[in-house]
Each structure stands twice: as C-alpha cells, then as structure tokens.
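So the chains spell out like this:
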Amino acid sequence: MPRVRRHLIACEVFRDEFEAVSPPGLARTYLPQGLHRTPGKMPAAIQGALNGVGPEVETVLLGYGLCSNGVVGVAARSARLVLPRIHDCIALLLGSRDRYEAEVAACPGTYYITPGWACYGTTSLSCYKNEYLPKYGEETARYIAGELLKNYSRVALIAHGGGDMEAARAHAAEMAEVFGLAYAEIPGSLDYVRRLVQGPWDGQDFVVVEPGSAISPTPFLTLHTIALP
Amino acid sequence: MDLNALKDAVINGDLKGCTILTEVAIQAGHPPEKIMNEALVPGMDVVGEKFRCNEVYVPEVLVAARAMKKSLAMLKPLLIQTGAKPVGVAVAGTVKGDLHDIGKNLVCMMWEGAGFEVVDLGVDVSPDKFVQGVKDTGAQIVGISTLLTTTMLNMRGVIQALERAQLREKVKVLVGGAPVTQTFATEIGADGYGESAAVAVEKAKELLGIA
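On to the interface of chain B and chain A, then. Facing the 22 residues of chain B at the interface are 22 residues of chain A. Of all the elements, helix 4 (residues 58-81) of chain B adds the most residues to the side of chain B that touches chain A, at four residues.

Looking now at the domain arrangement of chain A. Residues and elements named next belong to chain A. Structurally, chain A comprises domain 1 (6-90 + 191-221) and domain 2 (97-187). One C-alpha centre belongs to domain 1, the other to domain 2, and the line joining them spans 25 Å. Domain 1 puts 11 residues into the contact, and the matching count from domain 2 is 11 residues. Take the side of domain 1 that touches domain 2: its biggest share by element is four residues, from helix 1 (residues 15-21). Taken together, the residues that form the side of domain 1 that touches domain 2 break down as five nonpolar, two polar and four charged.

Residue and element names in this part refer to chain B. Counting buried residues in strand 1 (residues 88-94) gives six out of seven residues, a clear majority hidden from the surface. With respect to chirality, the unit in which strand 1 leads through helix 5 (residues 102-113) into the neighbouring parallel strand 2 (residues 116-120) is right-handed. Where strand 1 and strand 3 (residues 141-145) come together, five bridges link them in parallel fashion. Its bridge partner lying in strand 3, Ala90 is registered against Ile141.

With that out of the way, let us pick up the sheet that holds strand 2 (residues 27-31) of chain A. All names here are of chain A. Spatial strand order, 2-1-3-4-8: five strands in an open sheet with mixed pairing. Each having just a single partner strand, strand 2 and strand 8 (206-209) make up the two edges of the open sheet. Strand-to-strand, the axes of this sheet are offset by a mean angle of 20 degrees, without reference to chain direction. Alignment of strand 1 (residues 6-11) against strand 2, held across five bridges, turns out to be parallel. Bridge pairing in strand 2 links Leu8 to Arg28. In this fold helix 2 (residues 42-51) packs onto strand 1, strand 2 and strand 3 (59-63), with an angle of close to 155 degrees to the strand it touches most, strand 2. Against the sheet, helix 9 (residues 191-198) makes contact with strand 1, strand 3 and strand 4 (80-84), and its axis sits at roughly 170 degrees relative to strand 4, the strand it touches most.

So, about the confidence of the model for chain B. Overall, the predicted model of chain B reaches an average pLDDT of 93, with 99% of residues at or above 70. The ipTM value of the predicted complex is 0.88, and its pTM value is 0.87.

To continue, consider the packing of helix 2 (residues 15-27) of chain B against helix 4 of chain B. Residues and elements named next belong to chain B. Where helix 2 contacts helix 4, the two axes come as close as 8 Å, and the packing angle between them is 25 degrees. The angle between helix 2 and helix 4 places the two elements in the roughly parallel class. By crossing handedness, the relation of helix 2 to helix 4 is classed as right-handed. For the pair helix 2 and helix 4, the contacting residues are Leu15, Cys18, Thr19, Thr22 and Ile26 in the first and Arg66, Ala67, Lys70, Ser71, Met74, Leu75 and Leu78 in the second. Class assignment of the residues belonging to the contact of helix 2 with helix 4 gives a composition of seven nonpolar, three polar and two charged.

So, about the domain arrangement of chain B. All names here are of chain B. For chain B, the assigned domains read domain 1 (4-81) and domain 2 (88-208). Distance between the C-alpha centres of domain 1 and domain 2: 24 Å. Residue-level contacts link 16 residues of domain 1 with 11 residues of domain 2. It is helix 3 (residues 32-52) that provides the largest number of residues to the side of domain 1 that touches domain 2, a total of nine residues.

Moving on, we get to the sheet that holds strand 6 (residues 154-159) of chain A. All names here are of chain A. Pairing is parallel across the open sheet formed by three strands, whose spatial order is 5-6-7. Each edge of the open sheet carries a strand with a single partner, namely strand 5 (110-113) and strand 7 (182-187). Averaged over neighbouring strand pairs, the angle between their axes works out to 30 degrees when direction is ignored.

Within the secondary structure, Asn105 of chain B sits in helix 5. On a C-alpha basis, the gap between Asn105 of chain B and Leu62 of chain B in space is 9.8 Å, while along the polypeptide they are 43 residues apart.

Looking now at the environment of Gly109 of chain A. Following the sequence through the fold, Gly109 of chain A ends up in the loop between helix 4 (97-106) and strand 5. In the structure, Gly109 of chain A is positioned 99 residues away from Val208 of chain A in sequence and 32 Å away in space, judged by C-alpha atoms. Setting aside residues up to four positions removed in sequence, Gly109 of chain A forms contacts with Asn151, Tyr152, Ser153 and Arg154 of chain A together with Leu99 of chain B.

Reading the values: the criteria
Residues numbered from 1 in each chain as written. Chains lettered and ligands numbered in written order. Predicted model: local features only at pLDDT ≥ 70, side-chain atom pairs only at ≥ 80, totals over all residues. Contact = placed C-beta atoms within 7 Å. Helix = DSSP H or I, 4+ residues; strand = E, 2+ residues; numbered from the N terminus. Domains from an automatic or database assignment. Nonpolar A, V, L, I, M, F, W, Y, C, P; charged D, E, K, R; others polar. Buried ≥ 20, exposed ≤ 12 C-beta atoms within 10 Å, placed from the backbone. Right-handed = clockwise from strand over helix to strand, strands pointing away. Pairing = 2+ DSSP bridges. Axes fitted to C-alpha atoms, helices over the stretch in contact; angles between N-to-C directions. pLDDT = per-residue confidence, 0-100. Parallel < 35°, antiparallel > 145°, perpendicular 65-115°, else oblique. Left-handed = near helix turned anticlockwise from the far one by under 90°.

Have a look at this one:
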C-alpha cells in the first residue's frame, strides 16, 4: 500500500469538480454545503474533519476560501494545510480570481449556480420551494425571497464541463423565471481546482499553513479587494 | 392593555397581529414612544438574539422585521403629531462593492424604533456618498455595514473620507456585518462595533450619551 500523503477536505458544492480532477489515491472528505451561512460554527466543522485525518497525511488540501472567516483558526497538528487564496468559492469555479473580478465588474448583482449547488446545495429557489412556501404560504414566501434577491439582476450558470449540467440548467432557468431575473451561462474552468489538487502552490493563489499553525485571515485580506473609484 | 402580546407578535412575525395590536395599543392610550420601547424594540431584540445564537435564520428575521415595520409606520404620524424630537440623526449604508442589505435595514429599523431619525443611503455606497449624507442631514451617527470579506476594508475608506471632509470629529462611526469584529473596528478607527442590531442601538445611544 502506498503511503497516503494528501487528503482533501472540501465543501460538498465542489464534489463534481474535485471528483473530475482528483487522482485515485487522494482521500477525500466532503462536508455539507451551506456552512458559510453560520460562519461562527464553520471552523469547528472543518476542524472536526481535520482531526479525523491520520498522522501519515503530510498535506491536507482544503476546498474552502476565507468563506466569511469560516476557516479562521483551523489548524492541523502534523499536516500542512493548503487552501486557495480566495474569499469565496466563485473564483475557484470560474478558474481564477481575475475572472471573478471581471464578472463582478460586469454584473455585480449575479447569483451564481453550478451543478454542485443544484444537486447538493441549497439555492434561493430550493429554499423558496422547500422551506418558505410550506412554512409561510405564498405571499410571505415571495416577500422573503424578494428581500433576499432584490439586489440581484441575473442568475449565471457556471459551465465548466463537470456535473449534471442539464439538471443545473433547468434549476437555474427556473430560478430566473420565478424571480424575474436575467439568465446567463458563463464559462467556468477546472484549472484552479486542479492546481489545488496537484500543486505547485504559489503564494499568489494559495495559502500554505505549516503544521501546528492556525489559518489567519491576513493572507486573504491583503489580496486586491474591490477597488474604490 | 398588556404590550407583551404586541411584542410576541413582532417575535412571531405576525403581520396581522401587529397591525391589530398596534391599533389596540393606540386606542388604549399608550403613547407611541412607549409602544416602541416596550413592545417593538424588545420584540426585535429577542429575534436578533435568537438569530445571533442560530436559533432562527434570516427568513424569520425578515418576517419579524416586516411586522415591526408595519407597527412603526402606524406610530410615525402620532410621533409627528406629539412633536417628539428624534434622539439623534443617523445615516447608514452598505459599503461600496457590497449589495447585501438585510443587516443594514434591520439596524436602520431598530434605530428608528429607538427614536433616531434615520436616513438610509442604500447599498454599494461610496465614501463620497457617506460624506454627502452626513452633510445633508447633520447626522451624528454613521453606520457602515458589510457582509463580505472582500469589501470590509472599504469601511476604512469611508472613515478616511470623513476625515478629509473634516467631519470625522462631528460624527460617531459604527460598523457591523458578518465578517467585522471589534478588533477590526478598532484597527480602522471606528468608534464602535455592533455585533447585532440590538447592540447597534445600545452603542449609538452610548456614543451620544443618551441613557
């Protein structure tokens, strides 16, 4: 048996993407999507998965960005941690931070969907149909969704060649129709995901945390942020 | 008439209940300030605290906010009639680059409930627009909100713009939003940090020396 040296812990929203690029020997743990909504609880969830990783693992790859500080404080005893140097997952799915910044500049009010969200995660559409409507009835459900989405103008399906695109397309198009948003398909890329799995990990695009040290927000916050005019 | 029922209606997001019970409270002769301070604001405090502890989530908060807003709208004309002076003037906005406004709207509503005159500058607000907002309203409180780690540093830009406009000494700056901490607030030179809408009310009053 070859020694397992790397272990991936990622948000389930990336399952299709990581499955597409991971070598067979890479151990993988997926955690539920949506942890970022309660960022205060997120470090404990990731730490729990990390504590289950064996001592033979040298490098733990984290399929997370800063995620509203949801990774801050996470530390591994004997493994090095590597994670993409991004604020949230859209950059990872589009292939680079530059692409994300270009999309933000072109249409700031974009609700991004990938096959991963449509299949494993929750979207405003699934919440509307499965939670708000049954609990509150149509008028109030509409009000809630309206408040959540009022500053969005389009739904963009990220197409990177992985996952169940047909199901995702149907979900995204329905969401656009139900909430009166524009619909677009934009190209994604598996490049960034592949680089996380394969390395090398340069400091510009990745944060590398040595064993025993905790993840700090600083390397993420010193990135170029949305510029003021 | 017991104002607890109205408080519960706010907590439960009961729009109809809030409408009826506010009317009943007015008819029963309760002053509008009392209805705000003893039913609406404490009701929303409970919701805010539950939200902070992850006992309820954004939909419950929104529904409660809608109910409270309805009551506030009914009380406002009465407050104007009685000639009640606002306890202070506040402007609030979500920082440049960020379009999220649920938290900011909640703070605006809570400030209003606490007797402030509130001018909501909206979302994606540039530093210049904050400065203009202060000039136009004579605000003593500036509330800056953000949900994103990408935009939290833009809060510093607002404070710097207030300094450049020589308004910094005239206002108290309060910051808040999911990624913001007291440490960050101190680092960028804010006067206060509100970890919830209820705390934002306490801080604003404290900074203006209102008991």
